[in-house]
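Architecture at a glance
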Amino acid sequence: MSEISIIPLEARPTLRSPAALASASLVAPRDVAALDQVAARYAVAVTPEMAALIDPADGADPIAAQFVPSVAELQSTPDELEDPIGDDAHSPLPGLVHRYPDRVLLKLVHACAVYCRFCFRRETVGPGGPTLLGDEAFAGALAYVAARPAVWEVIFTGGDPLVAASRRLGLLLARFRPIEHVRVLRFHTRVPIVAPDRIDAAMVKALSGTGKAVYVAIHANHPREFTPAARTALARLANAGIGLVSQSVLLKGVNDDPETMAALMRCFVEARVKPYYLHHADLAPGTAHFRTSIAEGQALMRALRGRLSGLAQPTYVLDIPGGYGKVPIGPDYVDEAGTVTDPNGGVHAYPFGAEI
């Protein structure tokens, strides 16, 4: 039994280097030197909650695939981009992205509790940057939003906004209260899953005391991530009246089969998280080994239709490279010949052009 397996969970540190991963028996010592090259470019962090889920004997462990670095990350393809969804093209101010008329993204923090090996912002997040958006930049973003009545929603991202201290986060959110046209605050986070103890009474108070409608988008990619502690953290948010929606990434070898994806979506619904987006993996550098084809993703979504409750159906989306926004790319069930296909593959005529 490895040393890490007998240390109480609350006493275990976050693993932040290949050497630490080797000490925890999550990578082979002989691989540390090669993985140091990966860690020199892309941040590494595996929380004790996620480390405890990994089976070191399984070379295809879906939790390890998401968080433990691989030398495959040093191999980039010609179509991969440092800014794959085009944030920079829509960033009028530091830390702020205004891609759609009624909402803005605010990159509140630079750091994450864990670093996903497929992250589309992997070139910009991690140690070495500011923990929080600076006061001057935050004030500029606040003024930008206040001057634009069309902005109805502010989406906090990063990094992961819930790594910020609860008190500090509450103070920042309070500054949006006087901006009447901002009605919704949304947070994109992995924290309730990967570091659930951070979702304590103080964090819930910071999120629920904004005077706005608050939604939290929960990122998880495999049903094993829904530990008892994660479910408790999600319940704390739901019980406080905070809306919960999901975001997942379609990942080869992690969740690209109907059984795993169905189980994941059911876990969300059981935790009162409404399935929202299933993202096609972005063209981030060194992530080709995670990407399925779009046709494979569409086949997966077709397999879910009819076998999985409508409550548990996410929208399969592609973020078009270059900053052109998200589009749904799920399978079509109607065609120009005037037929509709049912979930079992049966084809039926339908009077699409008929007047009512």
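Since the model is a prediction, treat every value here as computed from it, not as a measurement.

Here the focus is the environment of Ala217. Here Ala217 is to be found in strand β5 (residues 213-219). We classify Ala217 as buried; its relative accessible area is 1%. C-alpha of Ala217 to C-alpha of Arg183: the two residues are 34 residues apart in sequence and 17 Å apart in space. Discounting residues that sit within four places of it in the chain, Ala217 has contacts with Phe187, His188, Thr189, Val245 and Gln247.

Turning our attention to the pattern of salt bridges. It is possible for side chains bearing opposite charge to pair when their charged atoms get close. A complete count under the given rule lists 15 salt bridges for this structure. Across the salt bridge formed by Arg117 and Glu73, the nearest N and O atoms sit 2.9 Å from each other. Residue Arg117 is found in the loop between β2 (103-107) and α5 (135-146), and its partner Glu73 is found in the loop between α4 (62-67) and β1 (96-100); the two are separated by 44 residues along the sequence. When salt bridges that share partners are traced, they join Asp87, Arg99, Lys107 and Arg121 into one network.

A regular strand places its side chains on the two faces of the sheet in alternate fashion. With respect to burial, strand β6 (residues 243-250) is a largely interior element, eight of its eight residues being buried. Here five bridges tie β5 to β6, and the two strands are oriented parallel to one another. Bridge pairing in β6 places Tyr215 opposite Gly243. Considered for its hand, the β-α-β crossover made up of β5, helix α9 (residues 228-239) and β6 is right-handed. Here five bridges tie β6 to strand β7 (residues 274-280), and the two strands are oriented parallel to one another. By the bridge assignment, Gln247 is partnered in β7 with Tyr277.

Parameters and conventions
- Residues numbered from 1 in each chain as written.
- Predicted model: local features only at pLDDT ≥ 70, side-chain atom pairs only at ≥ 80, totals over all residues.
- Heavy atoms only, no water.
- Helix = DSSP H or I, 4+ residues; strand = E, 2+ residues; numbered from the N terminus.
- Buried < 20%, exposed > 50% of the residue type's maximum accessible area, 1.4 Å probe, protein only.
- Contact = heavy atoms within 4.5 Å.
- Salt bridge = Lys/Arg side-chain N within 4 Å of Asp/Glu carboxyl O.
- Pairing = 2+ DSSP bridges.
- Right-handed = clockwise from strand over helix to strand, strands pointing away.

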